[in-house]
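Tertiary structure, described
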Amino acid sequence: MKNISPKIFLFILSLYTVIPLIAVLNLSLQKPDALSVSFKISKHLYFGNYLNAWNIGNFHQLFWTSISITLIVVPVTTILAVCAGYGFYRFQFPHKKKIFNFLLLGMALPYEAIVIPLYYGLGSIGVLNTIWAVIFPLLGGFMPFGIYWIRSYFSTLPAEILEAATIDGANNRIQLTKILFPISKSAIFSLSIFYFIWSWNQFLLAMILIQDSTKRTVTTGLTAFVNQYSMDLPLMCAGTIIVILPSVVFFIIFQRHIISGVLQGAVK
Amino acid sequence: MRNKGGRESIKSATTFIAPAFILYTIFVIAPWLAAIFFSFFNWDGIGEAVWNSYRNYIQVIKDPEQLQSIKNSILLIVFFSFIPVFFGLISATSISNLSAKSKIAKISRVVIFLPQVLPLVAVGISWKLIFSPNGIINQLLSLVGLGRLEKGWLGDFNFAIYAIGIVGIWLGIGLCSLLFSTGIQKIDKHLYESIQIDGGGRIREFTSVTLPSLRPEIRFAITITTISALSGFDLVYVMTNGGPGGKTLVPGLEVFRLAFTYQQFGQACSLAVTLSTITFAFILSVNKLLKDY
């Protein structure tokens, strides 16, 4: 009996979380003349909005642009962060602490604070309005978190692991790829999942640095689509669900990695 | 043990760290330094930049729009950070009071975390519908006979910023609750037993054991959620675009407007630098206040 109130609290909290999403899902399945987000679930679900939204909103192109960005950003940032994290974990060098803190600075620096100079800088090297205008800043911007993350993960491993390898004469590359990598696979994978979510969801950089409407990403494309078809609510909701759905599926598949990853970040 | 700082070691460290370091310096630090530099100039983005000393920074405080955006972002910290931390503590305690096998504990932990992974623009669009004149809130109100309270919530001068705040709570609770419920599992159970022997109740348990033990998790949660509160561009852009009458402007959006609508790049840069300074100051003080003893 005493456990009833926590259960009710958690139930209400869960409801609060899913209601906006269910409301949008529900409206996306109504006939095009529906006017409001409603609780009433109509008997006849209408899937035509999805087909229309997909075609009108040019979603295959938006998806392709976002996929191209993540396919470059995620592997490159993961590899570079693992290497640099290893560098900070493994070696002593002058000013190490200062250099590390200099990197950490970037974790608190919002993209809002650097996007205008980026607009001019990337314009001057001619990559504005291409996917590279989003890729380059993300390559730099993702480094602080990843390096911090990997270094603190390596620090939790027992020191003997590498001592034995050093005595055996294994060089740094072998120590990293043959010894540390296999035992850290799951942490590194969590990091790449975060990188995926962040680059997939990135909006500000994509909006300002890619203003060409044929090169929009999923997030900026959705915003433009919604602004244009705000009169047709079911269509607009179908577009929104098309964008939300992959993230939900992704979360369901990788929830264990995502959750354990978040918790690992909190340890330090 | 680890290599000491010999020449060999410096060489290897450079090989491993340099690529990341260079990308970070070129694409994050250099633009930031450029923003600091241009924040002292009058510049329309095309013509010649004219030295303006620190006057742009005075303008940040004098211009009602910019000042409003800063005030709003500080108010949003309460909604994105403090309230989720508070509810996160309650829900984590609730989860820990239930048995590990409890289905609702397991499921709700995952469900309330979901908003963290969704694109914020899609989240904003969904909530915009909830708050719309035909939306769920108004339907609920008329259902319980409070139809006279119905309005377009995001168009309301006083309420709009709180509407954004409600979405902030929605976003943050899952993260906080997850962090704290795992933190609670790590607390030594004997600490609770000694409180029970003293005759203390649930509330004593919470204030004298749970809360102090969770200090690192709370610090981490506040840091992360504050960063997201201060960079709330995505949500505001799709939900209100700063309106009505500038009541929901946040610095990120105002930087964008100054630069691309008003062509005041120097001014935009000084607001951007102000924003990053506030972020640093806030994070440093949170970490000082909640440091481990």
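Given the structure is predicted, the values throughout are model-derived calculations rather than measurements.

With that settled, consider the overall build of chain A. Each helix and strand in chain A was counted, giving 12 helices and 0 strands. In chain A, the order of α-helices and β-strands from amino to carboxyl end is α-α-α-α-α-α-α-α-α-α-α-α. Principal axes of the C-alpha set define a box for chain A whose edges measure 75 × 65 × 30 Å. Within the span of chain A, comprising 268 residues, buried residues form 54% of the whole. For chain A, the share of sequence-separated contacts (at least 6 apart) that also reach a separation of at least 24 residues comes to 74%. Looking at chain A as shown, the accessible area adds up to about 11,900 Å², and 68% of this sits on carbon and sulfur atoms. Of the side-chain charges in chain A, 17 are positive and 7 negative, and the distance between the mean point of each set is 6 Å.

Moving on, we come to the overall build of chain B. Across its full length, chain B holds 13 helices and 2 strands. A buried classification covers 53% of the 293 residues belonging to chain B. In chain B, 67% of the contacts between residues at least 6 apart in sequence involve partners at least 24 apart. Carbon together with sulfur atoms contributes 65% to the accessible area of chain B, which is approximately 13,400 Å² in total. Positive and negative charge centroids in chain B, built from 24 and 15 side chains respectively, lie 6 Å apart.

This paragraph deals with the interface of chain A and chain B. Every contact between the two is made by 92 residues of chain A and, on the other side, 90 residues of chain B. The contact between chain A and chain B buries some 8,200 Å² in all, and 80% of this surface belongs to carbon and sulfur atoms. Where chain A meets chain B, there are 0 salt bridges. Scanning the region where chain A abuts chain B turns up 11 residue pairs in polar contact (both at pLDDT 80 or more). Ranked by residue count, the leading element in the side of chain A that touches chain B is helix α12 (residues 233-267) of chain A, at 16 residues.

A separate point is the side chain of N201 of chain A. Along the chain, N201 of chain A turns up in helix α9 (residues 172-201). Looking at N201 of chain A, the relative accessible area reads 11%, which means it is buried. A polar contact is formed between the side chain of N201 of chain A and the backbone oxygen of L118 of chain B, at a distance of 3.4 Å. Ignoring sequence-local partners within four residues, the contact set of N201 of chain A consists of T219 and S247 of chain A together with V117, L118, P119 and D234 of chain B.

Let's shift gears to the confidence of the model for chain A. Per-residue pLDDT for chain A has a mean of 89; in total, 94% of the residues score no lower than 70. Averaged pLDDT values over the elements of chain A bottom out at 76 in helix α8 (residues 160-167) of chain A and peak at 97 in helix α6 (residues 132-141) of chain A.

Residue and element names in this part refer to chain B. A cis amide bond links G243 to the next residue, P244, at an omega of -10 degrees. Structurally, the position occupied by P244 is in the loop between α11 (233-239) and α12 (251-260). In the Ramachandran plot, S53 falls in the positive-phi region, its phi being about 50 degrees despite a non-glycine side chain. Here the phi dihedral of N241 falls at roughly 50 degrees; this positive angle occurs in a residue that is not glycine. The topology assignment puts N241 in the loop between α11 and α12. Looking at N241, the relative accessible area reads 39%, which means it is partly exposed.

Quick look at the packing of aromatic side chains now. Residues and elements named next belong to chain A. If you walk through the whole model with that rule in mind, you get 57 aromatic pairs over all chains. On the numbers, 6.1 Å between centres and 75 degrees between planes, the contact of F145 with F194 is edge-to-face. Highlighted residues: F145 in helix α7 (residues 143-155) and F194 in helix α9, separated in sequence by 49 residues. No difference in accessibility class separates F145 from F194, as the two residues are buried.

Once that is clear, we can look at the side chain of S14 of chain A. Residue placement: S14 of chain A occurs in helix α1 (residues 4-28). Ignoring anything within four residues of it in the chain, the contact list for S14 of chain A reads S108, V111 and I112 of chain B.

Residues and elements named next belong to chain B. Along the chain, the position of F159 falls in the loop between α6 (136-143) and α7 (160-185). Spatially, the C-alpha atom of F159 lies 37 Å from that of L33, the residues being 126 residues apart in sequence. Filtering out sequence-adjacent residues up to four positions away, F159 remains in contact with F131, W153 and I166.

This brings us to the packing of helix α3 (residues 59-90) of chain A against α7 of chain A. How two helices sit against one another is set out by the angle between their axes and by the gap between those axes. Residue and element names in this part refer to chain A. Across the interface, α3 lies against α7 with an axial gap of 8 Å and an inter-helix angle of 50 degrees. With respect to α7, the axis of α3 lies oblique. Remark: the crossing between α3 and α7 carries right-handed chirality. On α7, the residues that touch T77, L80, A81, V82, A84, G85, Y86, F88 and Y89 of α3 are M143, G146, I147, I150, R151, F154 and S155. Among the residues making up the contact of α3 with α7, the classes are represented as 11 nonpolar, 4 polar and 1 charged.

A word on the nonpolar core. Judged by nonpolar contacts, the single largest core of 176 residues is most densely connected at F154 and L209 of chain A together with F113, L118, F180 and M239 of chain B. When residues in this core are grouped by element, the largest group, 16 residues, is from α12 of chain A. Once residues within four sequence positions are removed from consideration, L209 of chain A is found in contact with V115, L118, Y119, L122, L128, N129, A133 and P137 of chain A.

Turning to the pattern of salt bridges, a few remarks are in order. Residues and elements named next belong to chain B. If you walk through the whole model with that rule in mind, you get 5 salt bridges over all chains. Close ionic contact of R257 with E65 constitutes a salt bridge, the shortest N to O distance being 3.6 Å. Taken together, the residues R257 in helix α12 and E65 in helix α3 (residues 64-97) connect sequence positions 192 residues apart. For the salt bridge of K186 with E217, the shortest nitrogen-to-oxygen distance reads 3.6 Å. Taken as a pair, K186 in the loop between α7 and α8 (189-197) and E217 in helix α10 (residues 215-230) lie far apart in primary sequence, 31 residues in all. One continuous salt-bridge network, built from bridges that share partners, spans E65, E254 and R257.

Analysis parameters
- Residues numbered from 1 in each chain as written.
- Chains lettered and ligands numbered in written order.
- Predicted model: local features only at pLDDT ≥ 70, side-chain atom pairs only at ≥ 80, totals over all residues.
- Heavy atoms only, no water.
- Helix = DSSP H or I, 4+ residues; strand = E, 2+ residues; numbered from the N terminus.
- Buried < 20%, exposed > 50% of the residue type's maximum accessible area, 1.4 Å probe, protein only.
- Contact = heavy atoms within 4.5 Å.
- Areas by Shrake-Rupley, 256 points an atom, 1.4 Å probe, with all protein chains shown as cover.
- Lys, Arg positive; Asp, Glu negative; His and termini not counted.
- Charge placed at Lys NZ, Arg CZ, Asp CG, Glu CD.
- Buried area = accessible area lost by both parts, 1.4 Å probe.
- Salt bridge = Lys/Arg side-chain N within 4 Å of Asp/Glu carboxyl O.
- Polar contact = N/O pair within 3.5 Å; in protein donor to acceptor, adjacent residues only side chain to side chain.
- pLDDT = per-residue confidence, 0-100.
- Phe/Tyr/Trp six-rings, centres within 6.5 Å; stacked < 30°, edge-to-face > 60°.
- Axes fitted to C-alpha atoms, helices over the stretch in contact; angles between N-to-C directions.
- Parallel < 35°, antiparallel > 145°, perpendicular 65-115°, else oblique.
- Left-handed = near helix turned anticlockwise from the far one by under 90°.
- Nonpolar A, V, L, I, M, F, W, Y, C, P; charged D, E, K, R; others polar.
- Core = buried A, V, L, I, M, F, W, Y, C linked by side-chain atoms within 4.5 Å.

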